[in-house]
Amino acid sequence: VRATRGGEEVRGYVPSMGQIFLRRFQMVTQFRQALEDGQVSVHYQPKVSLPGKHVVGVEALVRWQHPEFGRVDPDEFVPAVEAAGLVGALTSFVLDKALDRVRRWLDEGLEISVAVNLSVRNLADEEFPAKVAAALGRFDVPPELLTFELTESGVMADPQRALPILRELHGLGIVLAVDDFGTGYSSLAYLRQLPVDQVKIDKSFVLGMGTDLGDLAVVRSIVELGHSLGLTVVAEGVEDDVARDQLEAMGCDVAQGYLISRPLSEERLEAWLQARTARSLGHRSETVLTL
Ligand code: C2E
Ligand code: MG
Ligand code: MG
Ligand code: MG
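Residues numbered from 1 in each chain as written. Chains lettered and ligands numbered in written order. Predicted model: local features only at pLDDT ≥ 70, side-chain atom pairs only at ≥ 80, totals over all residues. Heavy atoms only, no water.

For the magnesium ion (ligand 3), the protein coordination sphere consists of Asp 179 (OD), Asp 180 (OD), Glu 236 (OE) and Glu 236 (OE), at 2.0 to 2.4 Å. In primary-sequence terms, the residues that donate to the magnesium ion (ligand 3) follow D-D-x55-E. Between the magnesium ion (ligand 3) and the magnesium ion (ligand 2), a spacing of 4.3 Å is present, and a bridge between the two is formed by Asp 179. Linking Asp 179 in strand 8 (residues 175-181) with Glu 236 in the loop between strand 10 (232-235) and helix 10 (241-250), this pair joins segments that are 57 residues apart in sequence. The pair Asp 179 / Glu 236 is uniform in exposure class, with both members buried. (Donors = N, O, S within 2.8 Å, 3.2 Å for Na, K, Ca; no water. Helix = DSSP H or I, 4+ residues; strand = E, 2+ residues; numbered from the N terminus. Buried < 20%, exposed > 50% of the residue type's maximum accessible area, 1.4 Å probe, protein only.)

Moving on, we come to the site of ligand 1. Around ligand 1, the structure places 24 residues, and the nearest of them are Arg 63, Asn 117, Asp 179, Glu 239 and Tyr 258. Residue Asn 117 places a side-chain N or O atom 2.9 Å away from an oxygen atom belonging to ligand 1. Here Tyr 258 contributes a backbone N or O atom positioned 2.8 Å from an oxygen atom of ligand 1. Protein chains shield 89% of the accessible area of ligand 1, which is 800 Å² for the free molecule. Breaking the shell around ligand 1 down by element, the ones donating at least two residues are strand 4 (54-66), helix 2 (74-83), helix 3 (87-107), strand 8 and helix 8 (203-208). (Near = heavy atom within 4 Å. Polar contact = N/O pair within 3.5 Å; in protein donor to acceptor, adjacent residues only side chain to side chain. Areas by Shrake-Rupley, 256 points an atom, 1.4 Å probe, with all protein chains shown as cover.)

Moving on to helix 9 (residues 213-228). Here helix 9 contains 16 residues, and its C-alpha end-to-end distance of 22 Å stays within 8% of the 22 Å for a straight helix at 1.5 Å per residue. Buried residues of helix 9: Asp 215, Leu 216, Val 219, Ile 222, Val 223, Leu 225 and Gly 226, and no others. The backbone nitrogen of Gly 214 lies 2.7 Å from a side-chain oxygen of the residue at the head of helix 9, namely Asp 212. Taken from the residues just after helix 9, Gly 230 is the one with a positive phi, measuring 75 degrees. (Expected span 1.5 Å × (residues − 1).)

Put simply, helix 9 and helix 10 touch, their axes get as near as 10 Å, and they point 40 degrees apart. Considering the angle they form, helix 9 stands oblique to helix 10. Crossing of helix 9 against helix 10: the hand is right-handed. Residue-level contacts link Leu 216, Val 219, Arg 220 and Val 223 of helix 9 to Gln 246, Leu 247 and Met 250 of helix 10. Among the residues making up the contact of helix 9 with helix 10, the classes are represented as 5 nonpolar, 1 polar and 1 charged. (Axes fitted to C-alpha atoms, helices over the stretch in contact; angles between N-to-C directions. Parallel < 35°, antiparallel > 145°, perpendicular 65-115°, else oblique. Left-handed = near helix turned anticlockwise from the far one by under 90°. Contact = heavy atoms within 4.5 Å. Nonpolar A, V, L, I, M, F, W, Y, C, P; charged D, E, K, R; others polar.)

In the structure shown here, the tally under the stated rule is 16 salt bridges. Across the pair Asp 96 and Arg 138 runs a salt bridge, and its minimum N-O distance is 3.5 Å. Of the two residues, Asp 96 is situated in helix 3 and Arg 138 in helix 4 (residues 128-139); the sequence distance between them amounts to 42 residues. Judged by relative accessible area, Arg 138 falls into the exposed class, the value being 54%. Among the ionic pairs, Asp 107 bridges to Arg 103, the shortest N-O distance being 2.8 Å. With Asp 107 and Arg 103 both in helix 3 and 4 residues apart, the pair spans about one turn of that helix. Here the salt bridges do not stand alone but share partners, grouping Asp 100, Arg 101, Arg 104, Glu 108, Glu 266 and Glu 270 into one network. (Salt bridge = Lys/Arg side-chain N within 4 Å of Asp/Glu carboxyl O.)

Take a look at the structure:
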């Protein structure tokens, strides 16, 4: 097969395309078994409040250790799993792990909220809110300790269908956040109509704002817009002190990124939290831990 790009002939893509399709096909057919076999796990990345540096929660991020391909990125397998109609199984797997984690923290006297990423397909499933309510009940976790992160494009794909589901989730008391804000339609008028509590500024702007005035302007305006709509503003992709200080100066509420911590396995997160608790004895706030 030959293709042209800008009038130039492009060759040599056939074998690698074939490999990509094969790999994708294998991932999709093996996914359910992988869940059962323990190849799929959940890592957690802490989020801290900006002025106070309290740990306000963690984001659950799925990981797949594939026996043949090694570690596969969620950016690769989540879209494949979505396209194959298997994302319900993924979401309920991650949700159960996350709620179980929160439950065990509660048993230890810690109130740490967890954020789970949703797929557009979850927002097309009318049964989804009932499933979530059942999971919260099963783990006896208060809904305020659960956040769902959804992308703008996920909501915009089919707003007629997504909106009632979002309203139901919000009605349960779950916190809703718009993820990767600034990358999609960024329909500001739309944001006002969504039952959301938080916006997460996409990491591309946060990573770029030290060198690109355009990115800096985008970050600043999302912080202002978010606050004017009464939303909590979270920045992802905070990798250095300069970015952190700039965000703090702008009034951004929460930071998440490699500067604070990479996503960690459950075990390593435990150690990370313990190190923070030890350092902050006597300074416990309502958000529990201090960085
Ligand atoms: P996301 O929800 O926007 O998650 C943030 C991504 O940025 C994560 O990538 C995280 O590891 C990465 N990140 C965090 N801090 C930094 C930083 O300081 N610098 C840089 N360069 N990157 C940072 P990850 O874990 O590879 O996940 C990628 C995407 O896959 C997520 O983007 C989310 O859209 C999706 N995803 C992950 N877990 C799930 C899941 O359980 N369900 C669904 N539906 N999607 C998921
Ligand atoms: Mg997210
Ligand atoms: Mg994001
Ligand atoms: Mg993303």
